[in-house]
Amino acid sequence: MQSCSGGRWYHAAYHIIPPEQLLCISLEKGPSDVRLDYTFKSRDNPQQMTEAGRVLENLTRIVPGGIVCFFPSYAYQQNVLQAWTKAGLFSRLERKKKIFYEPKQASDVEQVLADYSRCCKFSDKDSSSGQSQTGALLFSVVGGKMSEGINFADSLGRSVWYSCTQACTHSMDSWP
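Residues numbered from 1 in each chain as written. Predicted model: local features only at pLDDT ≥ 70, side-chain atom pairs only at ≥ 80, totals over all residues. Heavy atoms only, no water.

Participant: How should helix α1 (residues 46–62) be read in this particular structure?
Facilitator: Given 3.6 residues per helical turn, the α-helix brings residues three or four places apart onto the same face. The end-to-end C-alpha distance of α1, which contains 17 residues, comes to 25 Å, matching closely the 24 Å that a straight helix rising 1.5 Å per residue would cover. Buried within α1 we find Q48, M49, T50, E51, A52, G53, V55, L56, E57 and T60. (Helix = DSSP H or I, 4+ residues; strand = E, 2+ residues; numbered from the N terminus. Expected span 1.5 Å × (residues − 1). Buried < 20%, exposed > 50% of the residue type's maximum accessible area, 1.4 Å probe, protein only.)

This is the structure we're talking about:
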């Protein structure tokens, strides 16, 4: 886990991920220069949801393998995915990466993870083949079935993206 306190990031899982293999980035603005404000009051703003989708779309262009995307709730995940569909972002994400969802039934977790894993590993081996899809996206919920106890090592978790959670309110200008 990581947290922001006094403008500094603290990473408490050194036994899992060595600090030199971890890059934590908190974005203040998205690719369209829209300020990212994920307070509860602002997070349902369609402009905020669309800008978050643009951030993820940009990540899919540069991150091989798997990207795990966490949302604060199933309801919010649904709202965001609907906004992305309306804005045309979802279809662009689908063209770049195979999309998987945290299953409703715990008994389906193993199969979803196996399918997701296969897409991520295939991508790493064949990324130079010119394939339009290069890996996979896994949409999950913080505290859900796929957020604890699963090892998203190597190609399974090249990037972990937290949507719309306010981790730190300090300005990036004040960071060391």
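Participant: Please explain the packing of aromatic side chains as it appears in this structure.
Facilitator: The description of an aromatic ring pair uses the distance of the two centres, along with the angle that the planes make with each other. A complete count under the given rule lists 6 aromatic pairs for this structure. Grouping aromatic residues by their ring pairs yields a cluster made of F71, W84, F90, Y101 and F139. Stacked on the ring of F100, the Lys or Arg K98 has its end atom at 5.7 Å from the ring centre. (Phe/Tyr/Trp six-rings, centres within 6.5 Å; stacked < 30°, edge-to-face > 60°. Lys NZ or Arg CZ within 6 Å of the ring centre and 35° of its normal.)

Participant: Would you mind going over the pairing of strand β3 (residues 66–71) with me for this structure?
Facilitator: Regular strands place their side chains on alternate faces of the sheet. Of all the 6 residues making up β3, 6 are buried; the element is thus mostly covered by neighbouring parts of the structure. On β3, burial covers both faces: G66, V68 and F70 on one face and I67, C69 and F71 on the other are all buried. Alignment of β3 against strand β5 (residues 136–141), held across 6 bridges, turns out to be parallel. Among the inter-strand pairings, V68 is bridged to a residue of β5, identified as L138. (Pairing = 2+ DSSP bridges.)

Participant: Sorry if this is basic, but what is going on with unusual backbone geometry here?
Facilitator: The phi torsion of most residues other than glycine is negative, and most of the peptide bonds are trans. The phi torsion at D33 lies on the positive side, around 65°, for a residue other than glycine. One can find D33 in the loop between β2 (8–11) and α1. Looking at D33, the relative accessible area reads 54%, which means it is exposed.

Participant: When you look at the nonpolar core in this model, what are you seeing that I'm missing?
Facilitator: Among the nonpolar cores identified, the biggest contains 20 residues, and L56, C69, F71, W84, L137 and F139 are the most heavily contacted of them. Mapped onto this core, the elements with two or more residues apiece are α1, β3, α2 (74–87), α3 (89–96) and β5. Tallying contributions element by element places α2 first for this core, with 5 residues. (Core = buried A, V, L, I, M, F, W, Y, C linked by side-chain atoms within 4.5 Å.)

Participant: Looking at this structure, how should I read the side chain of E57?
Facilitator: Relative to the elements of secondary structure, E57 occurs in helix α1. On the basis of relative accessibility, which here comes to 8%, the residue E57 falls in the buried class.

Just distances and angles here, no functional claims.
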